[in-house]
Amino acid sequence: MNLFRKITLAALLLLIPSLALADDTVSEMTYILNTFSFLVSGVLVMWMAAGFAMLEAGLVRSKNVATICLKNIALFGVAGILFYLVGYNLMYDGVDGGFMGSFTMWGADDAAALAGDYSAGYSAGSDWFFQMVFCGAACSVVSGCVAERIKLWSFLLFCVVLCGIIYPIQGSWGWGGGWLSAMGFSDYAGSTLVHSCGGWSALTGAIILGARKGKYGKDGRVNAFPGSNIPLATLGTFILWMGWFGFNGGSALALGAAGSAIEQSNVYINTNIAACGGMIAAMIMVQLIYKKTDVTMALNGALAGLVSITAGPAAPSPGAALLVGAVGGVLVVLAIPFFDKLKIDDVVGALSVHLVCGIWGTLAVPFTNPDTSFATQLIGVVSIGAFVVIASSIVWLALKFTIGVRCSEEDEFRGLDVAEIGMEAYPDFQNRSI
Amino acid sequence: MNLFRKITLAALLLLIPSLALADDTVSEMTYILNTFSFLVSGVLVMWMAAGFAMLEAGLVRSKNVATICLKNIALFGVAGILFYLVGYNLMYDGVDGGFMGSFTMWGADDAAALAGDYSAGYSAGSDWFFQMVFCGAACSVVSGCVAERIKLWSFLLFCVVLCGIIYPIQGSWGWGGGWLSAMGFSDYAGSTLVHSCGGWSALTGAIILGARKGKYGKDGRVNAFPGSNIPLATLGTFILWMGWFGFNGGSALALGAAGSAIEQSNVYINTNIAACGGMIAAMIMVQLIYKKTDVTMALNGALAGLVSITAGPAAPSPGAALLVGAVGGVLVVLAIPFFDKLKIDDVVGALSVHLVCGIWGTLAVPFTNPDTSFATQLIGVVSIGAFVVIASSIVWLALKFTIGVRCSEEDEFRGLDVAEIGMEAYPDFQNRSI
Amino acid sequence: MNLFRKITLAALLLLIPSLALADDTVSEMTYILNTFSFLVSGVLVMWMAAGFAMLEAGLVRSKNVATICLKNIALFGVAGILFYLVGYNLMYDGVDGGFMGSFTMWGADDAAALAGDYSAGYSAGSDWFFQMVFCGAACSVVSGCVAERIKLWSFLLFCVVLCGIIYPIQGSWGWGGGWLSAMGFSDYAGSTLVHSCGGWSALTGAIILGARKGKYGKDGRVNAFPGSNIPLATLGTFILWMGWFGFNGGSALALGAAGSAIEQSNVYINTNIAACGGMIAAMIMVQLIYKKTDVTMALNGALAGLVSITAGPAAPSPGAALLVGAVGGVLVVLAIPFFDKLKIDDVVGALSVHLVCGIWGTLAVPFTNPDTSFATQLIGVVSIGAFVVIASSIVWLALKFTIGVRCSEEDEFRGLDVAEIGMEAYPDFQNRSI
């Protein structure tokens, strides 16, 4: 070989790694950005647990506030442990078109990425973290609905089963690669898999528990039990709104390519404008019907818009997202008196927001996403509804006939704070009703 | 061609894409990071809406708390919709050295980036989202100043015009590439374009509305109406402080180059230390004057520091930023009694914080940024002040002579919560004054 | 040279920059991601200042709420200024195996990175910002313990010395490259360097101040002074939990390589599950001992888990982290009555959470991290404990014998809000005890 050839060869050999390096660079950066998106979005969704806590603490009567705070933070502890022990793998491990994953404990395996193979796309732990906080959100939906009369430990035991069994099994059908996803069922961030799942669990709980004493008069009158702290409820709604950017945005499941970043941007916009639409629609409707508007209805309207867009926040134009949210806002204004007519006592309006709008949002996906069909969406809504209703009823009834789910009438009258946890939420403030 | 030549050629052909790939990599990663910076910063700014809500809910009397909560969340809904329908394009579309953009609806166009051309720098949606939350912040400034006496729907109609017309037009002069920016006017994150704009609107509103009943006695005495919930006001200030990192940091408008990341870092530090300076200066000054310090003055001092540094948070050294903030803290302590002397009733001190310090911060830019001139900064302050005062006065007066802006005296006495939205903020707590 | 040779040469020359470019790309992107991780994590840690404020505002009696709010936001202002003026350089500048850095003012130097040399790894400002918010956290630990009886300005002067001298000196031993780190002492995110440091300062303060009037009866009875606002305390705990992802996650000090992203993911999971473990363990234990559970103990249990895992959140499996946190939760339930037995009056349980669990967490590191030894960890705990106890005692005593540290008995009875800052936290609410 002459000198030129030698030099050329040497240069080529030197340059070849640059090809590999460039390729690896892309992958490693993509891997990092995908991972970081899960972490940042996951923190925002974790923060929603605080949002639910504040919303519910603001909407219950002051004698039950400390208890609802405890339930909301404790359920997040339950979710964190159960989703590790069994939930994640039951939802994601080897579902393969079927009905559930494996009953095994989760463990991270990032060996390939540490060895330079980034094809997993993101770290195992960041994915677990992001999925775990969603599981917590499903529990949070329940706590508000069954507040002011459920026993603390019975509620937490229900959360154990919800996080460990019910949520992961139905979740596996959609996000774990199970039979519903194989059919083409589409639920971007969980209008059905998270919100309706929580909503159905809450519905069975509310029915089995029965209404709070005095809520429904003998003459058919519905007595209002006004929330004790409106700024806290407002703060909770703002927190949920904020967290929803992580909830829906992070559900792009990627950030490390321009297309993913664009998708997340569109999801942010649609999430926001659906909330705006739901809130303003609810406010106007309440003003027209009752000649006064109402702050809790505005808050529920915003949440209704958020739940409604959650099944499909990437595909719509902002205008369509505004409309999807606005319909959610109208639905919530209609649904709250509807459940009261049925004497299903939903303390914070969780059924109207999470169940009704969760269904609406899931069924609305085909309007803007041509890859989905109304029939498949309906199959998803119905099958998950049926499963969660049956499974959660079994758990509620099992609790009812063992340790009991409902507090004594006396405890309910005194308030759960004194009765269940021996501590008042606002011990220094003179209470009007006492 | 002999074998060597063939191999060399093949190798070269294989390697050429690595050059292109590497180039594209840079651009795509830069594009993603710029986009993500807008999204993350935008969430922080969105969160400031909650900060304003809590600050104002803490500083009004308990009989008006639910209403101020509703106003604060509803205005964010108005901003989200209006900035989509008309605001964004009026502010940014084809301003070209002129006085406004186009009256058209915003639409995302990321086709180029999806085809691999990342020269736009960031996704259209992420930019829209970031700019929209700024528009919301301008509204939030108004709500605190005119609280406790303005009608809910009149306030929201004012926000419609502010978000859809007034804010975008004056914003186009600076950030939309309009005549002021062509002159060299510099307002990094909006001391003038956001805070003073909100402040001028609030000033005209406060004058046209008049003071709350009983605020100014006949003998010239100023009656204190103490805020009803100091921890909420503190929380609101912390939220605003936190959100301001997104407000100022995100206004670097980029993250995908080392220089941008360094710029954002410096902006974070200066934003923080200006808040520290404003707060500590206000505390010391109040202690010296009144022999006691005051928590709401400390909170307003921190916000004063934040507003003051907002016009130029990138250029100063931390020491200079500390000084800019400290002057803001001193100004706010002087401005609050000044407005009271003029009998301009500003419920939360919004004029002192956002208008006075917004002006101060804008005029202070040339001290640390040699590319700006005091004269141009002054032209910006005056021209935007004149425009916003005139435009907002027209809107307030139009509202006054149609649906009315001020509640009846009786409603004001009972509190807007009962009168306007039929719901108390704290129904369980015995009120001292009743 | 023939044409083929010329083309080959030209192509090779064209391609060579791609190698360099690819290399630079990696570094610049890594630099940006490391910087951004500091900024985002730093915002989360800054937010913890609000968490401490809300936790403490919820746990003190209503007559001291405005004061504790002021202390908590003012201390963050002190930290921001002092860590700039002297703290950072004293902690990090030229420690070199020794006992402290230099008494000089911090200044950013990013010239190298701006010139294309990214070997610093991250911008100077992002590092300063991240370290400053940690300094603030150490102060926040103190304020809760010594609440309801300390004078405002004395407390803030103590914070000046803590942020400017005590915290940086002991911090330099571990994180500044001082003698402890040279020995192999390992404290990932500051169980000892932040939490115990704050805890020891709080302990000496609580002893020198003495207990609140009426806390310990003559007959040995411990009187409960229930917290005035449980939802605020819950919110504070949620905020701290959220912020802890930045506290521990950001302490990976990097994000720009896949290994760092994986490390941060594992830290997030372990941080979360330790909090879950601490909370659930505390709840169960309280239920078993007292036959009722307790919301403030659940909150402190979660915080105990968080402090416990902070010394070593990267190495453990999630199961081990759960256990480390659960032990923390058990310790806090035992420690709170223990300090009461010693008549050390710790208003919010800060000693039990931050000092006791800070020690436990530091000593637990060798169980999961084979690179550490129990002996070295113990040396770190003891030496830092001794230094902080001595140094903080000198400061507390100097304050006591000059301007005084404790309010008058009358002021304590009336409440610090009226006495020290002339403003009530909840002026509209009728107080039961008055």
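What counts and what doesn't
Residues numbered from 1 in each chain as written. Chains lettered and ligands numbered in written order. Predicted model: local features only at pLDDT ≥ 70, side-chain atom pairs only at ≥ 80, totals over all residues. Heavy atoms only, no water. Helix = DSSP H or I, 4+ residues; strand = E, 2+ residues; numbered from the N terminus. Rg over C-alpha atoms; globule rule 2.2 N^0.38 Å. Buried < 20%, exposed > 50% of the residue type's maximum accessible area, 1.4 Å probe, protein only. Contact = heavy atoms within 4.5 Å. Areas by Shrake-Rupley, 256 points an atom, 1.4 Å probe, with all protein chains shown as cover. Axes fitted to C-alpha atoms, helices over the stretch in contact; angles between N-to-C directions. Parallel < 35°, antiparallel > 145°, perpendicular 65-115°, else oblique. Left-handed = near helix turned anticlockwise from the far one by under 90°. Nonpolar A, V, L, I, M, F, W, Y, C, P; charged D, E, K, R; others polar. Buried area = accessible area lost by both parts, 1.4 Å probe. Salt bridge = Lys/Arg side-chain N within 4 Å of Asp/Glu carboxyl O. Polar contact = N/O pair within 3.5 Å; in protein donor to acceptor, adjacent residues only side chain to side chain. Least-squares fit on C-alpha atoms with pLDDT ≥ 70 in both. Phe/Tyr/Trp six-rings, centres within 6.5 Å; stacked < 30°, edge-to-face > 60°. Core = buried A, V, L, I, M, F, W, Y, C linked by side-chain atoms within 4.5 Å. Expected span 1.5 Å × (residues − 1). pLDDT = per-residue confidence, 0-100. Disulfide = S-S within 2.5 Å.

Concerning the overall build of chain A
Thinking step 1. Helices and strands together make up the secondary structure of chain A, namely 15 helices and zero strands.
Thinking step 2. Here the C-alpha radius of gyration of chain A, 24 Å, is about what a compact globule of 434 residues would show, namely 22 Å.
Thinking step 3. Across its three principal axes, chain A shows a C-alpha extent of roughly 105 × 45 × 45 Å.
Thinking step 4. Relative to its 434 residues, chain A shows a buried fraction of 70%.
Thinking step 5. Restricting to contacts in chain A with at least 6 residues of sequence separation, those with at least 24 account for 79%.
Thinking step 6. For chain A, the exposed surface amounts to about 13,000 Å²; the carbon and sulfur share of it is 66%.

Digging into the packing of helix α8 (residues 230-249) of chain A against helix α2 (residues 65-92) of chain B
Helix-helix packing is characterised by the crossing angle of the two axes and by the distance between the axes.
Thinking step 1. At a minimum axis separation of 9 Å, α8(A) and α2(B) run at an interaxial angle of 15°. Considering their axes alone, α8(A) and α2(B) lie roughly parallel with respect to each other. Where α8(A) crosses over α2(B), the handedness of that crossing is left-handed. Between α8(A) and α2(B), the contacting residues are Ile230(A), Pro231(A), Thr234(A), Thr237(A), Phe238(A) and Trp241(A) on the first element and Val65(B), Ala66(B), Cys69(B), Asn72(B), Ile73(B) and Phe76(B) on the second.
Thinking step 2. Residue composition of the contact of α8(A) with α2(B), grouped by class: nine nonpolar, three polar and no charged.

Quick word on the interface of chain C and chain A
Thinking step 1. Contacts between chain C and chain A engage 72 residues on the former and 70 residues on the latter.
Thinking step 2. Here chain C and chain A share an interface that buries about 5,900 Å² over both sides, 80% of which is from carbon and sulfur atoms.
Thinking step 3. Linking chain C to chain A there are zero salt bridges.
Thinking step 4. Here chain C is connected to chain A by nine residue pairs in polar contact (both at pLDDT 80 or more).
Thinking step 5. Looking at the side of chain C that touches chain A, the elements that each hand over two or more residues are α1 (3-59), α8 (230-249), α9 (258-290), α10 (295-309) and α11 (318-341) of chain C.

Some words on the interface of chain B and chain A
Thinking step 1. On the chain A side, the residues contacting the 70 residues of chain B number 72 residues.
Thinking step 2. Carbon and sulfur atoms supply 80% of the area that chain B and chain A bury against each other, a total of about 5,900 Å² over both sides.
Thinking step 3. Here chain B is connected to chain A by zero salt bridges.
Thinking step 4. The interface formed by chain B and chain A contains nine residue pairs in polar contact (both at pLDDT 80 or more).
Thinking step 5. When residues of the side of chain B that touches chain A are traced back to their parent elements, those giving at least two are α1 (3-59), α2, α3 (111-114), α4 (124-145), α5 (152-174), α8 (230-249) and α15 (416-420) of chain B.
Thinking step 6. When residues in the side of chain B that touches chain A are grouped by element, the largest group, 25 residues, is from α1(B).
Thinking step 7. Per-class residue counts for the side of chain B that touches chain A are 52 nonpolar, 13 polar and five charged.

A short note on the relation of the copies chain C and chain A
Thinking step 1. Placing chain C over chain A gives an RMSD of 0.2 Å and needs a rotation angle of 120°, together with 0.0 Å of translation along the axis. Put plainly, the chains are arranged around a three-fold axis.

Brief notes about the side chain of Ser37(C)
All names here are of chain C.
Thinking step 1. Along the chain, Ser-37 falls in helix α1.
Thinking step 2. Ser-37 gets classed as buried once you look at its relative accessible area, which sits at 1%.
Thinking step 3. With residues up to four places along the chain from it excluded, the contact list for Ser-37 reads Gly-42, Gly-250, Ala-254, Leu-255 and Gln-264.

What about the pattern of salt bridges?
Thinking step 1. Tallying each qualifying case throughout the model produces 19 salt bridges over all chains.
Thinking step 2. Two residues, Glu148(B) and Arg212(B), come together in a salt bridge whose shortest N-O distance is 2.3 Å. Taken together, the positions of Glu148(B) in the loop between α4 and α5 and Arg212(B) in the loop between α7 (191-209) and α8 put the pair 64 residues apart, joining distant regions of the chain.
Thinking step 3. Between Arg61(C) and Glu148(C) there is a salt bridge, and its shortest N-O distance comes to 3.2 Å. With a gap of 87 residues between them, Arg61(C) in the loop between α1 and α2 (65-92) and Glu148(C) in the loop between α4 (124-145) and α5 (152-174) connect regions that are remote in the sequence.
Thinking step 4. Exposure remark for Arg61(C): the relative accessible area of 15% places this residue in the buried category.

What to know about the packing of aromatic side chains
Thinking step 1. Evaluated as defined, the whole model comprises 84 aromatic pairs over all chains.
Thinking step 2. Relative to Trp396(A), the ring of Phe158(A) lies with its centre 3.8 Å away and its plane at 5°, an arrangement referred to as stacked. Here Trp396(A) lies in helix α13 (residues 374-400) and Phe158(A) lies in helix α5 (residues 152-174), a separation of 238 residues in the sequence.
Thinking step 3. For the ring pair Tyr268(A) and Phe129(B), a centre distance of 5.4 Å and an interplane angle of 85° mean the geometry is edge-to-face. Residue Tyr268(A) is found in helix α9 (residues 258-290), and its partner Phe129(B) is found in helix α4; the two belong to separate chains.

Quick notes on the nonpolar core
Thinking step 1. Core analysis: the largest hydrophobic core is formed by 430 residues, its most contacted members being Trp47(A), Trp241(A), Trp47(B), Trp241(B), Trp47(C) and Trp241(C).
Thinking step 2. The residues touching Trp241(B), leaving out its near neighbours within four places in the chain, are Asn272(B), Ala275(B), Cys276(B), Met279(B), Ala302(B), Leu306(B), Met46(C), Ile73(C) and Phe76(C).
Thinking step 3. Of all hydrophobic cores here, the second largest spans 21 residues; its members include Met29(A), Phe36(A), Ala261(A) and Val40(C).

Remarks on α10(C)
In an α-helix there are 3.6 residues to a turn, and that puts residues three or four apart on one side.
Residues and elements named next belong to chain C.
Thinking step 1. Taking 1.5 Å as the rise per residue, α10 with 15 residues should run 21 Å; its terminal C-alpha atoms sit 22 Å apart, in good agreement.
Thinking step 2. Where burial is concerned, most of α10 is hidden: 15 out of the 15 residues are buried.
Thinking step 3. For α10, the N-terminal cap is Asp-294; the gap from its side-chain oxygen to the backbone nitrogen of Thr-296 is 2.8 Å.

Let's talk about unusual backbone geometry
Thinking step 1. The backbone of Leu253(B) sits at a positive phi, close to 65°, despite the residue not being glycine.
Thinking step 2. Along the chain, Leu253(B) turns up in the loop between α8 and α9 (258-290).
Thinking step 3. A positive phi is found at Asp96(C), a non-glycine position, where the angle reads about 55°.
Thinking step 4. Within the fold, Asp96(C) resides in the loop between α2 and α3 (111-114).
Thinking step 5. Asp96(C) sits in the exposed class, given a relative accessible area of 74%.

Topic: the side chain of Ser392(C)
Thinking step 1. Locating Ser392(C) in the fold gives a position in helix α13 (residues 374-400).
Thinking step 2. Those residues in contact with Ser392(C) that lie beyond four places of it in its chain are Phe158(C), Ile166(C), Trp200(C), Ser201(C) and Thr204(C).

So, the confidence of the model for chain A
Thinking step 1. Mean pLDDT for chain A: 94, with 94% of residues reaching 70 or above.
Thinking step 2. For this predicted complex, the interface confidence reaches an ipTM of 0.95, while the overall pTM sits at 0.96.

Remarks on the packing of α5(A) against helix α7 (residues 191-209) of chain A
Residues and elements named next belong to chain A.
Thinking step 1. Contact geometry of α5 with α7 gives a least axis separation of 10 Å together with a crossing angle of 135°. When the interaxial angle is binned, α5 and α7 end up oblique. When you trace α5 past α7, the crossing you get is right-handed. Of α7, the residues touching α5 (which contributes Phe-158, Leu-162, Tyr-167, Gln-170, Gly-171 and Gly-174) are Thr-192, Leu-193, Val-194, Cys-197 and Ser-201.

Comments concerning the state of the cysteines
Any covalent bond linking the sulfur atoms of two cysteines counts as a disulfide.
Thinking step 1. Within the structure shown, the criterion is met by zero disulfides over all chains.
Thinking step 2. Here Cys407(C) is not cross-linked by a disulfide; its sulfur's nearest cysteine counterpart is in Cys159(C), at 15 Å.

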